[in-house]
Amino acid sequence: QVTLRESGPALVKPTQTLTLTCTFSGFLLSRSGMTVNWIRQPPGKALEWLARIDWDYDKFYSTSLKTRLTISKDTSKNQVVLTMTRMDPVDTATYYCARMSSTYFDYWGQGTLVTVSS
Amino acid sequence: NFMLTQPHSVSESPGKTVIISCTRSSGSIASNYVQWYQQRPGSVPSVVIYDTNQRPSGVPDRFSGSIDSSSNSASLTISGLKTEDEADYYCQSYDSSTSWVFGGGTKLTVL
């Protein structure tokens, strides 16, 4: 079955760089049409799409955050990595990775809460 | 870029029908499919409507989606409300300049 799991630090300091890993199973990111996305949700607030990487290595970023984000994939390890630079307390959120195989996010990880605080 | 605007909250009684709107700020709502996600407290979002008006298997037919070009809005309609429908609902669509856009979410209270 399809599973995704986020991993990374629970706490980062302001100005530091956050690195999150999405480890997935049950599908091939090399398959045509497959994408893995990162989405975040600050406590009590709305979902915000961050970035996406496609089966063919195409990458897309949120307009407001694109200068801070980098997404990459390691197909052999079934992993997608997101880095976000210059972390700030407003970046405190639960970060999700989610698969899209057609037109909607069909599988999500459980999310990982990242707190930005000194 | 465009925004998707949803009412902050709606409430209705069990057994009734509720409609949650999602208004696109620029460009036609009909240009791209709209998805709707349900997020119960403490849970991960799950899709209840995709491609504007399609229900995934397992989602009851009490859930339906539509668009209204005159108001440039999409709507999620939930009929025969149940207490288990109480959740946050998010619309989502595609922005060709970046990728995916979510609405601000609507908290549905079934009281």
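Shown above is the structure to which this text applies.
What you see is a predicted model; the values in this text were computed from it and never measured.

With that settled, the discussion passes to the state of the cysteines. In total, this model carries 2 disulfides over all chains according to the counting rule given. Disulfide partner of A:Cys22: A:Cys97, at an S-S distance of 2.2 Å. Note on the A:Cys22 and A:Cys97 pair: the S-S dihedral is about 75 degrees, so by sign convention the disulfide is right-handed. Highlighted residues: A:Cys22 in strand 3 (residues 18–25) and A:Cys97 in strand 9 (residues 93–100), separated in sequence by 75 residues. According to the relative accessible area criterion, A:Cys22 is buried, its value standing at 0%. A:Cys97 sits in the buried class, given a relative accessible area of 0%. A sulfur-sulfur distance of 2.1 Å marks the disulfide that ties B:Cys22 to B:Cys91. Taking the torsion about the S-S bond as the criterion, the B:Cys22 to B:Cys91 disulfide, at about 80 degrees, is right-handed. With B:Cys22 in strand 3 (residues 18–24) and B:Cys91 in strand 8 (residues 87–94), the pair connects residues that are 69 residues apart, well separated along the chain. Of the residues examined, B:Cys91 reaches a relative accessible area of 0% and is grouped as buried.

What follows covers the nonpolar core. Among the nonpolar cores identified, the biggest contains 27 residues, and A:Leu18, A:Val36, A:Trp38, A:Leu50, A:Val80, A:Met87 and A:Tyr95 are the most heavily contacted of them. Of all elements in the fold, only strand 3, strand 4 (35–41), strand 5 (48–54), strand 7 (69–74), strand 8 (79–84), strand 9 and strand 11 (112–116) of chain A reach the threshold of two or more residues within this core. Take this core: its biggest share by element is 4 residues, from strand 3 of chain A. Listed in part, the 23 residues of the second largest apolar core include B:Val48, B:Val59, B:Leu81 and B:Val101.

Moving on, we come to the side chain of A:Arg68. Mapped onto the elements, A:Arg68 comes out in the loop between strand 6 (59–61) and strand 7. When sequence neighbours within four positions are dropped, the list of residues in contact with A:Arg68 reads A:Thr83, A:Met84, A:Thr85, A:Arg86, A:Met87, A:Asp88 and A:Asp91.

Residues and elements named next belong to chain B. Read across the sheet, 4 strands follow the order 1-3-7-6 without closing on themselves; strand pairing throughout is antiparallel. Every interior strand has two partners, whereas the edge strands, strand 1 (4–5) and strand 6 (63–68), have only one. Looking at chain direction, strand 3 and strand 7 (residues 73–78) are connected through 6 bridges and run antiparallel. In the sheet register, serine 21 faces strand 7, and the bridge partner there is serine 75.

The rules behind each value
- Residues numbered from 1 in each chain as written.
- Chains lettered and ligands numbered in written order.
- Predicted model: local features only at pLDDT ≥ 70, side-chain atom pairs only at ≥ 80, totals over all residues.
- Heavy atoms only, no water.
- Disulfide = S-S within 2.5 Å.
- Helix = DSSP H or I, 4+ residues; strand = E, 2+ residues; numbered from the N terminus.
- Buried < 20%, exposed > 50% of the residue type's maximum accessible area, 1.4 Å probe, protein only.
- Core = buried A, V, L, I, M, F, W, Y, C linked by side-chain atoms within 4.5 Å.
- Contact = heavy atoms within 4.5 Å.
- Pairing = 2+ DSSP bridges.

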